[in-house]
Amino acid sequence: MKQETFWKIKVAIAFLILLSMCFLIENISSSCVSSAKSKMSDRKFTEKNESIKNFDVNEDEIFALVNDERRKNKLGALAFDNQLSEIARNYSRQMAEENFFDHFDPNGVDVVVRAKRANLRHWSKIGENLFSVENLEDFDAFAVKNWMESPTHRQNILDMDFNTAGIGIFESNSGEIFITQVFIKR
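Predicted, not measured: the structure shown is a model, and the values here were computed from it.

Criteria and thresholds
- Residues numbered from 1 in each chain as written.
- Predicted model: local features only at pLDDT ≥ 70, side-chain atom pairs only at ≥ 80, totals over all residues.
- Heavy atoms only, no water.
- Pairing = 2+ DSSP bridges.
- Helix = DSSP H or I, 4+ residues; strand = E, 2+ residues; numbered from the N terminus.
- Contact = heavy atoms within 4.5 Å.
- Axes fitted to C-alpha atoms, helices over the stretch in contact; angles between N-to-C directions.
- Buried < 20%, exposed > 50% of the residue type's maximum accessible area, 1.4 Å probe, protein only.
- Polar contact = N/O pair within 3.5 Å; in protein donor to acceptor, adjacent residues only side chain to side chain.
- Phe/Tyr/Trp six-rings, centres within 6.5 Å; stacked < 30°, edge-to-face > 60°.
- Lys NZ or Arg CZ within 6 Å of the ring centre and 35° of its normal.

Peer 1: Looking at this model, I keep getting lost on the sheet that holds strand β4 (residues 177-185). Mind explaining?
Peer 2: The four strands are arranged β1-β3-β4-β2 in an open sheet whose pairing can be described as mixed. Either end of the sheet is taken by a strand with one partner, and the two such strands are β1 (79-80) and β2 (125-133). Where strand β3 (residues 164-171) and β4 come together, eight bridges link them in antiparallel fashion. Bridged to I169 within β4 is I179. The strands touched by helix α4 (residues 82-98) are β1, β2, β3 and β4; relative to β3, the strand with the most contacts, the crossing angle is about 30°. Along the sheet, helix α6 (residues 140-149) contacts β2 and β4; its crossing angle with β2, the most-contacted strand, is approximately 125°.

Below is the structure:
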């Protein structure tokens, strides 16, 4: 047997052993290899967008500040909703990635359509506040202060019909922070 053929057989056997070990260790079938690739891809994405992780705290803080404004005005606190936050976060991401800032995306889609596409159920009224800022590390209170100084944004925050909300934040590659808050009446 030629040395080259022998070497190819050894490599093939080593590969089969590796796949078998992967199967045994992970207790899954062939998805182990794709799972490893996916995990590496997720790690690269997370490393590239490390600041995304930190926005959970900012989202919570903005939500709390909005509820503080409602309490000051003798209104009930908004309930937090994960699905609304996901809708908001996705829209903030879209604005950041497509470089626009508007309640309508470049295709004319608004918050009503986005909510329907996300299969949001059991709501009768919807509203949205947007905010964008650059070069400001502590933007939570600044965003809420500016919303409260804007008649239309203030109206959403203090609307007695709204009882549920979610917030989503995303940062563009250039460092601009996009904040979306979606309100609904359930």
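Further notes follow.
Peer 1: Can you walk me through the environment of N90 in this structure?
Peer 2: With respect to the secondary-structure elements, N90 resides in helix α4. Given the relative accessible area of 40%, N90 is considered partly exposed. Through-space distance from the C-alpha of N90 to that of T180 is 9.0 Å; in sequence the pair is 90 residues apart.

Peer 1: Help me understand the side chain of D81 in this model?
Peer 2: Mapped onto the elements, D81 comes out in the loop between β1 and α4. Side-chain polar atoms of D81 contact the backbone nitrogen of Q83, separated by 2.9 Å. A polar atom in the side chain of D81 sits 3.0 Å from the side chain of R186. If near-sequence neighbours (up to four positions away) are discounted, D81 is found in contact with T164, A165, G166 and R186.

Peer 1: Help me out: how do you make sense of the packing of aromatic side chains in this one?
Peer 2: The final tally for this structure, using the stated rule, is seven aromatic pairs. Seen from their ring centres, F63 and F80 are 5.5 Å apart, and the 85° between their planes marks the pair as edge-to-face. Taken together, the residues span a long stretch of sequence, with F63 in helix α3 (residues 51-72) and F80 in strand β1 at a distance of 17 residues. Among the residues examined, F63 registers a relative accessible area of 11% and is labelled buried. Of the residues examined, F80 reaches a relative accessible area of 42% and is grouped as partly exposed. Between F131 and W147 the ring centres are 6.5 Å apart and the planes differ by 80°, which places this aromatic pair in the edge-to-face class. Placement of the pair is F131 in strand β2 and W147 in helix α6, with a sequence separation of 16 residues. When its relative accessible area of 10% is taken as the criterion, F131 is described as buried. W147 sits in the buried class, given a relative accessible area of 1%. Put simply, the rings of F131, F142 and W147 pair up and form one aromatic cluster. Of note, R114 hangs over the ring of Y91, and the distance from its end group to the ring centre comes to 3.4 Å. The ring of F162 carries the charged tip of K125 above its face, separated from the ring centre by 5.2 Å.

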